[in-house]
Amino acid sequence: MEKPTSRGEARLRAARNRRLLVHTVRVLLLAAVLGAWEALSRAGTIDPFNFSMPSKIWDQLVQWTMHGTAQGSLGEQIWVTLYEALIGWAVGVGAGVVAGIVLGRIRLLAEVLGPYIKVLNALPRIVLAPIFLIWFGLGPASKIASAVVLVFFPVFFNAFQGVREVDRNLIANARILGANNRQVTLQVVVPAATSWIFTSLHVSFGFALIGAIVGEYIGADKGIGLLVSSSQGNFNSAGVYAAMVILAVVALLAEALLTFAEKRLFRWKPASGGDR
């Protein structure tokens, strides 16, 4: 009979091999796409003026890193955009979580405000960026406001739904044990809805970046969005793609941090069937 430790080691070995396979395929796929892009651009099959090519994008990234941009150092542009996105994300998440929990717990308030929230959610929130620019000027405030309105609604709806999906038996048992409304909310409802809230956090930081970038694109004196706008105005497609690469790296790092935090917070949860 096989020992349990041997089975455990075999599973760990299989999991490591699978992760290695996944990472290898990812790298090969990326290399194939970039290689095909470079080859087709050099052959003239696709227009290198409009689509650029990976080598020129790399050269642009090196130039920005070594010599800076017209607006200042590359690190400064990244920090400005990241600062705006982080503040907007934090404010939007905080407001969305609080509003979702409050409306999820107070049915009368949800029924009164529900239609207004649906109307606001139906508005194309990107078009609010020019209004925020008029209200708050070219500084970070207008970009933070754009990020907040993009982040708020997905977080709110997830928190609201998470509160509504809490097992009624848990709430009933807490009340039987003498818990008041505040204790039920903080000790039963909020922990039960945390997984719903974390689900929205993965998407919402990307929305925060979009809000900051759109605001910078419309009007700013620093930031990655301004680099995109300046590169477009100078017909520098490599600069546009280089800015997109920077944003992708920032978004991936943020996603990795959120995933790490979620795993640390939910270590008690069993692995899903897709992870086996």
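These numbers were taken from a predicted model, which means no experiment stands behind them.

Asker: Looking at this structure, I do not really get unusual backbone geometry. What am I missing?
Answerer: As a rule of thumb, non-glycine residues mostly have phi less than zero, and peptide bonds are mostly trans rather than cis. Look at Ser52: it is not a glycine, yet its phi comes out positive at around 55°. Along the chain, Ser52 falls in the loop between helix H2 (48-51) and helix H3 (54-67).

Asker: When you look at the nonpolar core in this model, what are you seeing that I'm missing?
Answerer: Within soluble globular proteins, side chains that are nonpolar tend to cluster in buried spots. Core analysis: the largest hydrophobic core is formed by 38 residues, its most contacted members being Trp89, Val93 and Ile224. Broken down by secondary-structure element, the contributors of at least two residues to this core are H3, helix H4 (74-105), helix H7 (140-164), helix H9 (181-218), helix H10 (224-233) and helix H11 (237-265). The dominant element in this core, judged by the number of residues it contributes, is H9, at 11 residues. The residues touching Val93, leaving out its near neighbours within four places in the chain, are Val151, Val155, Leu201 and Ser204. Counting 8 residues, the second-largest nonpolar core is a separate cluster that includes Phe152, Phe153, Phe156 and Phe160.

Asker: Help me understand the packing of H4 against helix H5 (residues 107-122) in this model?
Answerer: Angle between the axes and distance between the axes are the two parameters that describe a pair of packed helices. Between H4 and H5, whose axes approach to 6 Å, the crossing angle comes to 125°. The orientation of H4 relative to H5 falls into the category oblique. Touching Val102, Leu103 and Arg105 of H4 are Arg107, Leu109, Ala110, Leu113 and Ile117, all from H5. Looking at the contact of H4 with H5 residue by residue, the class counts come to 6 nonpolar, no polar and 2 charged.

Asker: Just checking my understanding: could you explain the side chain of Ser52 for this structure?
Answerer: By relative accessible area, which is 1% here, Ser52 ends up buried. Discounting residues that sit within four places of it in the chain, Ser52 has contacts with Trp37, Ser41, Asp47, Ile57, Ser237, Ala238 and Tyr241.

Basis of the calculations
Residues numbered from 1 in each chain as written. Predicted model: local features only at pLDDT ≥ 70, side-chain atom pairs only at ≥ 80, totals over all residues. Heavy atoms only, no water. Helix = DSSP H or I, 4+ residues; strand = E, 2+ residues; numbered from the N terminus. Core = buried A, V, L, I, M, F, W, Y, C linked by side-chain atoms within 4.5 Å. Buried < 20%, exposed > 50% of the residue type's maximum accessible area, 1.4 Å probe, protein only. Contact = heavy atoms within 4.5 Å. Axes fitted to C-alpha atoms, helices over the stretch in contact; angles between N-to-C directions. Parallel < 35°, antiparallel > 145°, perpendicular 65-115°, else oblique. Nonpolar A, V, L, I, M, F, W, Y, C, P; charged D, E, K, R; others polar.

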